[in-house]
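# Report on the structure
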Amino acid sequence: MAEVDSPVEVGFAEFIARLMSEVFDSVVTSQVDQEQRYAEMYAAASLSEEEYGRQHVSDEDVAAELADLFPPHPDERERESAVYPGAPYHPPGVDRSEDPPLYEVLGLRLEEDDLKKKEDRLVLGQSAVNKVHGKVRSLLAARHLAVVKQLLSRGLPRVVVDSGRVNGKLTFHLTTSQGSTTGETGGTGLAATDIRAATAGVLPKFGSRSVFTLPRARILPGVKVLVKQADDRSPQSSQVKANVYGEVEITFKTVT
């Protein structure tokens, strides 16, 4: 199995800033993408069926539609459809119907120049195939264009981000200016003397009992909080060198 690189540790402030920046970029990008799609649909609705077919109906779409309308004969399974240069063609007559049924399905009538003779039978020429492809493309264009115009007449929906919430599972590390993480074996970390110094004056003693009073917010010099995305593929264990394993939840809303 290939090794997957783990996300690097970043400062907590940098992590929050990057997270909010990416959320903002995502919201703006989605709005821009929607506006571009709206503009494309309005532009497409103003096209004629012929022009719409040239711009928005691909050759793959035509080939797929031909395979559905005129499936190949049982003895020609290697063919995508029954319409190709040299394909057998039986014009409509008294004793049998047209095969393939081009007029019945597409309303297309072939001319004599569109047909060729091969071994005393009629086959489709290139001009006949081109006419069939053009007719199928026009029908697909008319179908798609009708859907676009119907959507525009109803009014296009808009997805607007009003509010949201971002949750992330993280591991939190406290590091000193020397770059060592507290709790790691051999690291300098925050010693007990540092904690006592930080809480000096807020733990007055009365006899053998201590009365704990919440101190004002203090900033320990040389201490930084680093965060790293938690690995959900494996359970967190005592082997993970982290001070805290938890989640961060950020709730936001957009204002325009």
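First, a word on scope: everything that follows refers to the structure included in this document. Source: prediction; values computed, not measured. (Residues numbered from 1 in each chain as written. Predicted model: local features only at pLDDT ≥ 70, side-chain atom pairs only at ≥ 80, totals over all residues. Heavy atoms only, no water.)

### What to know about the side chain of Gln-34
Convention followed: The secondary structure listing takes helices from DSSP runs of H or I that are at least 4 residues long and strands from runs of E that are at least 2 residues long, numbered from the N terminus. Throughout, a residue-residue contact means that at least one pair of heavy atoms, one from each residue, lies within 4.5 Å.
Note that Gln-34 resides in helix 1 (residues 12-45). With residues up to four places along the chain from it excluded, the contact list for Gln-34 reads Arg-158 and Val-159.

### What to know about the nonpolar core
What tends to happen in soluble globular proteins is that the nonpolar side chains get buried as a cluster. We count it as follows: Only buried residues count toward a nonpolar core, which is a set of Ala, Val, Leu, Ile, Met, Phe, Trp, Tyr and Cys residues joined through side-chain atoms within 4.5 Å. Categorising residues by exposure relies on relative accessible area from a 1.4 Å probe, with only protein chains included: less than 20% of the type maximum marks a residue as buried, more than 50% marks it as exposed, and the intermediate range marks it as partly exposed.
Residues Val-83, Leu-110, Leu-124 and Val-132 are the most contacted members of the largest nonpolar core, which totals 29 residues. Only helix 1, helix 3 (59-69), helix 4 (102-106) and helix 5 (126-154) provide two or more residues apiece to this core. Element by element, the count of residues in this core is highest for helix 5, at 9 residues. Here Leu-124 is in contact with Ala-82, Val-83, Tyr-84, Pro-85, Gly-86, Ala-87, Tyr-89, Leu-110, Asp-114, Leu-115 and Val-129, once residues within four sequence places are set aside. Membership of the second largest hydrophobic core comes to 11 residues, among which are Val-10, Val-166, Val-227 and Ile-250.

### Regarding the environment of Ser-46
Quick note on the threshold: Pairing of N or O atoms within 3.5 Å defines a polar contact, subject to two protein rules: one partner must be a possible hydrogen donor and the other a possible acceptor, and residues neighboring in sequence count only if both atoms are side-chain atoms.
The topology assignment puts Ser-46 in the loop between helix 1 and helix 2 (49-56). Along the sequence, Ser-46 and Lys-149 sit 103 residues apart, while their C-alpha atoms lie 9.0 Å from each other. Separated by 2.7 Å, the side chain of Ser-46 and the backbone oxygen of Ala-43 make a polar contact.

### Some words on helix 5
This is how the line gets drawn: To estimate how far a helix should extend, the number of its residues minus one is multiplied by 1.5 Å.
The end-to-end C-alpha distance of helix 5, which contains 29 residues, comes to 42 Å, matching closely the 42 Å that a straight helix rising 1.5 Å per residue would cover. Among all positions in helix 5, only Ala-128, Val-129, Val-132, Val-136, Leu-140, Ala-141, Leu-145, Val-148 and Leu-152 are buried. On the buried face of helix 5, the contacting elements are helix 1, helix 2, helix 3, helix 4 and strand 3 (122-124). Residue Gly-155 follows helix 5 closely and has a positive phi angle near 100°.

### Observations concerning the packing of helix 1 against helix 5
Operational definition: In this description, a line fitted to the C-alpha atoms serves as the axis of each element, helices being fitted only across the stretch in contact, and the angle between N-to-C directions of two axes falls anywhere from 0 to 180 degrees. We call two directions roughly parallel when the angle between them is under 35 degrees, roughly antiparallel when it is over 145, roughly perpendicular when it lies between 65 and 115, and oblique otherwise. Handedness of a helix crossing follows the sense of rotation of the near helix relative to the far helix, less than a right angle counterclockwise being left-handed and clockwise being right-handed. Amino acids are sorted into nonpolar (Ala, Val, Leu, Ile, Met, Phe, Trp, Tyr, Cys and Pro), charged (Asp, Glu, Lys and Arg) and polar (every other residue, Gly among them).
At a minimum axis distance of 9 Å, the contact between helix 1 and helix 5 shows a crossing angle of 120°. As far as their axial angle goes, helix 5 and helix 1 are oblique. Helix-helix and strand crossings are classified by hand; for helix 1 and helix 5 the assignment is left-handed. Packed against helix 1, whose contacting residues are Met-41, Tyr-42, Ala-44 and Ala-45, the element helix 5 presents Leu-145, Val-148, Lys-149, Leu-151 and Leu-152 at the interface. Classifying every residue of the contact of helix 1 with helix 5 gives 8 nonpolar, no polar and 1 charged.

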